[in-house]
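# Architecture and fold: a report
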Amino acid sequence: MSHAETLYHRYHIETRDAPDIEAWPPRFQVKVKKHRLAWLLLREIFHYGPGRKEVILSRPCVYGVFSGPVGGFAPRSQYCVGCLRCTTQYPDVVQIVPNPERRRLGDAYFTAKIVDTVAYEAATGRVPVRGAGYRGKFGGPGWDGMWTDMSEIVRPTRDGIHGREYISTLVDIGSRPAFLTFDAQGEPIQPPQVFAIPLPLGFAALPRMAGQPALTRILARAAAELDTLALLPVDALKHLDAPTPHIVPVAESAADLARVSFTPRLVELARWDEALYADARGRFAESLMMLRLPYGDLSTLEAAYAHGVRVFHLVADYHGRLPDGRFVMDGIREAHTFFVERGVRDEVTLLGSGGVIAAEHVPKAIILGLDAVLLDTPVLVALQARFDGEFRTPADAYRLPKHLPEDWGVQRLKNLAAAWRDQLLEVLGAMGLRDVRRLRGEIGRAMFQRDLEREAFGDIEGFPDGGPSPAAAPAAPVALEVQR
Ligand code: SF4
């Protein structure tokens, strides 16, 4: 090993501004009553004198909305940040309303508000700051019904973003047996087969990638530059000049496996099929196998584990719904506890996709039991895709910008990953944790609205019981059959 290889490199994501390439509808409509504005301007001219044209035409907005060639008579809504200063000072002249066009970006789950947040993170790489105080709701359905414990927030040294004390976001992918056994020659019978990625985020395969060379190359390069994983259907591999260790081919069939011309670190099988699994193991003896399956399918989980699969990619739809209608949080908890109860949780890696669309969903998914998250719809939104109606399954339609510059796309995904990692560090720092691996399954670090409301109001007649707690333990343990 060379000297350079042994040097310690602190993980860092290089962020750079990558502004939108396609104009999206402005967030706000600026409605001006022109006759009242004319009257206001007359008063301003009288007050400042005609020589102060730039002052007169800029008012009442410091963001340049009223600084176009004809000032507020043709307001430049694209510059409006919604600070409401203008309408507070001149309510009879100007009104600011949300733009219904903008609200149509995204869909019922990936709301326009979350689209705005993801777009900002992808454009800047920064954590969005919303100003003084949070004025929204403190609970709600889905992820909003889960709160994280920030009780250690006052500890000054656990300051991940600013880096006075390093917080590791490295996660292991693969299998570590609970103990080692050795053969007569002293060689381990089943050595740990594991590699690490420096952040618990990767990229899931996206619908219709095989027909999108630019999208494929962006995902592959972003994964390489972030040193994480990009899942690519075998049909899309033809768009790459040279595969890197960051590529995870997704195989649907034996024919797909035969077309993979390199030895990946990880191969995804798109469905459970004993013969396909045996074929993949035969072809790629050095590679780890990952099985894709829907959340909630415990019998397949059990069968695949028994045959030796140790890495699982659990999938919900893009709205975070399981086939039986439950939310993804229940699915994560169920799969994690399935292995905990059988005493083999550390032997497996659980990755998940579907329904994780905001930075705070990542620590929540890890607390519930995932090792890492594979991003799907946030990647599309970061690349300025628009959904045609509800985008719930891979069969639903989306449109990316016609021309997708590769450098721009890679930078947008790196920015998104940096912003989400910073927010994860913030949560870890606030919990006093120095390693994201310690967060996995730490359900005591979370509170659930359902539980707290039941505690507070459960005795009151008529209180609607929201069902079992997401933190509840599942069925009694059952020993797993294992073929080594
Ligand atoms: S809301 Fe703020 S940014 Fe928008 S026009 Fe008024 S002053 Fe300018």
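Above this note sits the structure.
Residues numbered from 1 in each chain as written. Predicted model: local features only at pLDDT ≥ 70, side-chain atom pairs only at ≥ 80, totals over all residues. Heavy atoms only, no water.

### Overview of the site of the ligand
Our working definition: One heavy atom within 4 Å of a molecule or strand makes the whole residue count as near it. Under the scheme applied, nonpolar residues are Ala, Val, Leu, Ile, Met, Phe, Trp, Tyr, Cys and Pro; charged residues are Asp, Glu, Lys and Arg; polar residues are all the others, including Gly.
The ligand sits among Cys-61, Tyr-63, Val-65, Phe-66, Cys-80, Val-81, Gly-82, Cys-83, Leu-84, Cys-86 and Ile-96. Across the shell around the ligand, the residue classes tally to ten nonpolar, one polar and no charged.

### Notes on the pairing of strand E10 (residues 288-294)
Counted only if it meets this: Relative accessible area decides the class of each residue, using a 1.4 Å probe on protein chains only: under 20% of the type maximum gives buried, over 50% gives exposed, and in between gives partly exposed. A run of H or I in DSSP counts as a helix once it spans at least four residues, and a run of E counts as a strand once it spans at least two, with each numbered from the N terminus. Pairs of strands are assigned from DSSP output, requiring at least two bridges between the strands. For crossovers, right-handed means that the path from the first strand over the helix to the second runs clockwise, given strands pointing away from the viewer.
Across the seven residues of E10, five count as buried, placing the element largely inside the fold. In terms of strand pairing, strand E9 (residues 266-269) meets E10 through four bridges, oriented parallel. Considered in E10, the bridge of Leu-269 is made with Leu-291. The parallel pair E9 and E10 is bridged by helix H9 (residues 274-283), and the resulting crossover is right-handed. Inspection of the sheet shows E10 paired to strand E11 (residues 311-315) by five bridges, in the parallel sense. Counted as the bridge partner of Pro-294 is Val-315 from E11. For the crossover that starts at E10, traverses helix H10 (residues 298-306) and ends in the parallel E11, the hand is right-handed.

### Quick look at helix H14 (residues 406-431)
Think of an α-helix as 3.6 residues a turn; residues three or four steps apart then line up on the same face. Rules: Between the first and last residue of a helix there are one fewer steps than residues, each counted as 1.5 Å, and that sum is the expected span.
With 26 residues, H14 should reach 38 Å at 1.5 Å per residue; the first-to-last C-alpha distance of 38 Å fits that figure. With 22 of 26 residues buried, H14 lies mostly within the body of the structure. Phi for Gly-432, located one or two positions after H14, is positive at around 75°.

### Quick look at the environment of Pro-233
Defined as follows: By definition, residues are in contact when any of their heavy atoms lie within 4.5 Å.
Residue placement: Pro-233 occurs in strand E7 (residues 230-233). Remark: the alpha-carbon pair of Pro-233 and Glu-268, spanning 35 residues in sequence, is separated by 9.1 Å. Beyond its immediate sequence surroundings of up to four residues, Pro-233 is in contact with Ala-205, Met-209 and Val-250.

### Some details on the environment of Pro-100
As for its placement among the helices and strands, Pro-100 is situated in helix H5 (residues 100-103). Of the residues examined, Pro-100 reaches a relative accessible area of 41% and is grouped as partly exposed. Placed 73 residues apart in sequence, Pro-100 and Arg-27 show a C-alpha to C-alpha distance of 8.5 Å.

### Structural notes on the side chain of Thr-216
Within the fold, Thr-216 resides in helix H7 (residues 213-226). Thr-216 gets classed as buried once you look at its relative accessible area, which sits at 0%. Not counting residues up to four positions away in its chain, the partners in contact with Thr-216 are Met-209, Leu-232, Ala-236, His-239 and Leu-240.

### Things to note about the packing of helix H6 (residues 112-124) against H14
Note the threshold: Axis angles are defined between N-to-C directions and span 0 to 180 degrees, where every axis is a line fitted to C-alpha atoms and, for a helix, only to the segment in contact. When an angle is under 35 degrees it counts as roughly parallel; over 145 it counts as roughly antiparallel; between 65 and 115 it counts as roughly perpendicular; any other value is oblique.
Remark: H6 packs on H14, axes separated minimally by 6 Å, with the N-to-C direction vectors making an angle of 110°. Comparing the axis directions of H6 and H14 gives the class roughly perpendicular. Residues Val-118, Ala-119, Glu-121, Ala-122, Ala-123 and Thr-124 of H6 form the contact with H14, whose participating residues are Gln-411, Arg-412, Asn-415, Leu-416, Ala-419, Trp-420 and Gln-423.

### Observations regarding the pattern of salt bridges
What counts, and what does not: Each salt bridge in this description consists of a side-chain nitrogen of Lys or Arg and a carboxyl oxygen of Asp or Glu lying within 4 Å of one another.
Scanning the entire structure with this criterion turns up 27 salt bridges. The partner of Arg-326 in a salt bridge is Asp-324, with the nearest N and O atoms 2.9 Å apart. Of the residues examined, Asp-324 reaches a relative accessible area of 51% and is grouped as exposed. Here the residues in one salt-bridge network are Arg-217, Arg-221, Glu-225, Glu-406, Asp-407 and Lys-414, joined through shared partners.

### What to know about the packing of aromatic side chains
Going by this rule: Think of it this way: a Phe, Tyr or Trp ring, Trp meaning its six-membered ring, pairs with another when their centres are within 6.5 Å, and the plane angle makes it stacked under 30 degrees, edge-to-face over 60, tilted otherwise.
The tally for this structure, following the rule as stated, stands at ten aromatic pairs. Their ring planes at 50° and their centres at 5.5 Å tell us that Trp-272 and Tyr-277 sit as a pair that is tilted. Judged by its relative accessible area of 24%, Trp-272 is partly exposed. According to the relative accessible area criterion, Tyr-277 is buried, its value standing at 5%. Seen from their ring centres, Tyr-305 and Phe-339 are 5.7 Å apart, and the 50° between their planes marks the pair as tilted. On the criterion of sequence distance, the pair formed by Tyr-305 in helix H10 and Phe-339 in helix H11 (residues 328-341) is long-range, its members being 34 residues apart.

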